Amino acid sequence: MRKLFLPLATVLGILLITSCQETKKAEPTVQQPQQELVEEKVVGSILTAEEQAGMTPQEIIGRLKKGNENFINNNLTQRDHSEQRRKAMIGQFPKAIVLSCVDSRVPVEDVFDLGIGDIFVARVAGNIENADIVGSMEFATAVAGSKLVIVMGHTACGAVKSTIDKVDAKSLGMNSLADLIDEIEPAVVETENEGERSSKNAAFTNLVINNNAMRTVKNIREASPTMAKMEDEGDIMILSAVYDMETGKVSFNND
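This one's a predicted model, so the numbers in the text were calculated from it and none came from an experiment. (Residues numbered from 1 in each chain as written. Predicted model: local features only at pLDDT ≥ 70, side-chain atom pairs only at ≥ 80, totals over all residues. Heavy atoms only, no water.)

Observations concerning the sheet that holds strand S5 (residues 250-252)
Stated precisely, the cut-off is as follows: Two strands make a pair as long as DSSP finds a minimum of two bridges between them. Only DSSP runs of H or I covering at least 4 residues are called helices, and only runs of E covering at least 2 are called strands; the numbering of each starts at the N terminus. Angles shown run from 0 to 180 degrees and are taken between the N-to-C directions of axes, each axis being a line fitted to C-alpha atoms and, for helices, limited to the stretch in contact. Only heavy atoms enter the contact rule, under which two residues are in contact if any of them lie within 4.5 Å.
Taken in spatial order, the five strands of this open sheet run S2-S1-S3-S4-S5, and their pairing is mixed. Both outer strands of the open sheet, strand S2 (119-123) and S5, are each paired with one neighbouring strand and no more. Geometrically, the sheet is characterised by an average inter-axis angle of 25° between neighbouring strands, direction not taken into account. Judged from the five bridges that link them, strand S1 (residues 96-100) and strand S3 (residues 148-154) form a sheet pairing that is parallel. Looking across to S3, one finds that Ser100 is bridged to Met152. Its contacts with the sheet place helix H9 (residues 202-223) against S1, S3 and strand S4 (237-243), and it is angled at close to 160° to S4.

Printed below as a string of C-alpha cells:
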C-alpha cells in the first residue's frame, strides 16, 4: 500500500504546484486590460477653439443630453483636473453658458458631465436675468464664442415657492430679496391652473418653474439685440430647461 501511496501523493503534489503556477501567471493577463481601460477613460484635454467653432448649437444640445444621461446613470467621465487646469491657462472656449438657480443641489457641471473649460455658469436665485447676467451672456457668446444659452430652472425651487406663497420679504428687512421675488411674480400670474395656487400644489409649482425659465429666455432676447440677432442668424440658440432634482434629468423646452 505504501508503494502505491507515495507515487500518488507525488503526482498530486506536482499537479497542485503546476496549477498554482499557471494561476499566478494568468492573473496579470486578466487584470492588465482592466487597468488600461481605466486609464483610457481619464480625460485631461480641454475644449479647443477649433472644436468650439466646429460645433453647431444643435450638436451641443445633443452632447449635453448625453452628458446628462451619464449623470443620471452615475457614469461621470473621469478627469485629470490638474492637467485640465494647466491647459486652461492658455485660454477658454466654452460651448455654452448656463443660467442656473443658486440652489446647492443643482451642480451644473456634474449635471451635464462637464469639466474645466467646457461651459460658463451664471447663478442667481430663481434663474432670472438682470443687466449683469445679460452682459455676461453677451461676453460668453459674442466675445468668447459660446453657441448656446440655457436658462435652467429646477423642481422644488425655493425662490419660486416663496413667490407663489407671497412671502413678504420686505417686512423681514430683506428688500433685495423682495425685489427678486417681484421679478418672478409675472410667471406666477401668467400660469393658469385649476387647482390650488400654492407651493403645496406640486403640479402648479412645476408649471410656474417652467414658465419662469421660459419668461427669462424671452426677457434675454429683448434685453440683448446682439444675441437676438445672433440667434436669428443661426449662430446661437437661447432656450430654457428644467432640472428634476429627484431623477437628475434635464428636460429642454425645444424637445
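Now, onward.
A word on helix H6 (residues 131-143)
Counted only if it meets this: Take the residue count of a helix, subtract one, and multiply by 1.5 Å to get its expected span. Contacts described as polar in this section are N or O atom pairs within 3.5 Å, which, within protein, must combine one atom able to donate a hydrogen with one able to accept it, while residues neighboring in sequence count only if both atoms come from side chains.
Taking 1.5 Å per residue as the helical rise, H6 with its 13 residues ought to reach 18 Å, and the 17 Å between its terminal C-alpha atoms agrees with that figure. Along its buried surface, H6 packs onto S1, S2, S3, H9 and helix H10 (225-232). One side-chain oxygen at the N-terminal end of H6 lies 3.1 Å from the backbone nitrogen of Asp132; it belongs to Asn130. Gly145, located one to two residues past H6, shows a positive phi value of around 90°.

Focus: the packing of aromatic side chains
Two measures describe an aromatic ring pair: the distance that separates the ring centres and the angle between the ring planes. Cut-off, in case you're wondering: The pairing test for Phe, Tyr and Trp rings, Trp by its six-membered ring, is centres within 6.5 Å, and the orientation test on the planes gives stacked under 30 degrees, edge-to-face over 60, and tilted for anything in between. Working definition: with a 1.4 Å probe on protein chains only, accessible area under 20% of the residue-type maximum means buried, over 50% means exposed, and in between means partly exposed.
Applying the stated rule across the entire model yields three aromatic pairs. Here Phe71 and Tyr243 contribute two aromatic rings whose centre-to-centre distance is 6.4 Å and whose plane-to-plane angle is 50°, an arrangement assigned as tilted. Of the two residues, Phe71 is situated in helix H3 (residues 57-72) and Tyr243 in strand S4; the sequence distance between them amounts to 172 residues. With a centroid separation of 6.3 Å and 35° between ring planes, the pair formed by Phe112 and Phe252 is classed as tilted. With Phe112 in the loop between helix H5 (108-111) and S2 and Phe252 in strand S5, this pair connects stretches of sequence that are 140 residues apart. You can call Phe252 buried: its relative accessible area is 4%.

Let's talk about the nonpolar core
Operational definition: The set of buried Ala, Val, Leu, Ile, Met, Phe, Trp, Tyr and Cys residues whose side-chain atoms join them within 4.5 Å is what this entry labels a nonpolar core.
Grouped together as the largest cluster of nonpolar side chains are 33 residues, with contacts concentrated most on Leu99, Met137, Val160, Val208, Ile220, Met227 and Ile238. Looking at which element gives the most residues to this core, the answer is H9, with six residues. Once you skip the residues sitting within four places of it in the chain, Val160 turns out to touch Ile184, Thr205, Val208, Ile209 and Asn212.

Quick notes on the pattern of salt bridges
Definition in use: The salt bridge definition used is simple: a Lys or Arg side-chain nitrogen within 4 Å of an Asp or Glu carboxyl oxygen.
By the definition in use, this model includes 10 salt bridges. Asp118 is the partner of Lys95 in a salt bridge, and the nearest nitrogen-oxygen pair spans 3.7 Å. Residue Lys95 is found in the loop between helix H4 (81-88) and S1, and its partner Asp118 is found in the loop between H5 and S2; the two are separated by 23 residues along the sequence. Judged by its relative accessible area of 9%, Asp118 is buried.

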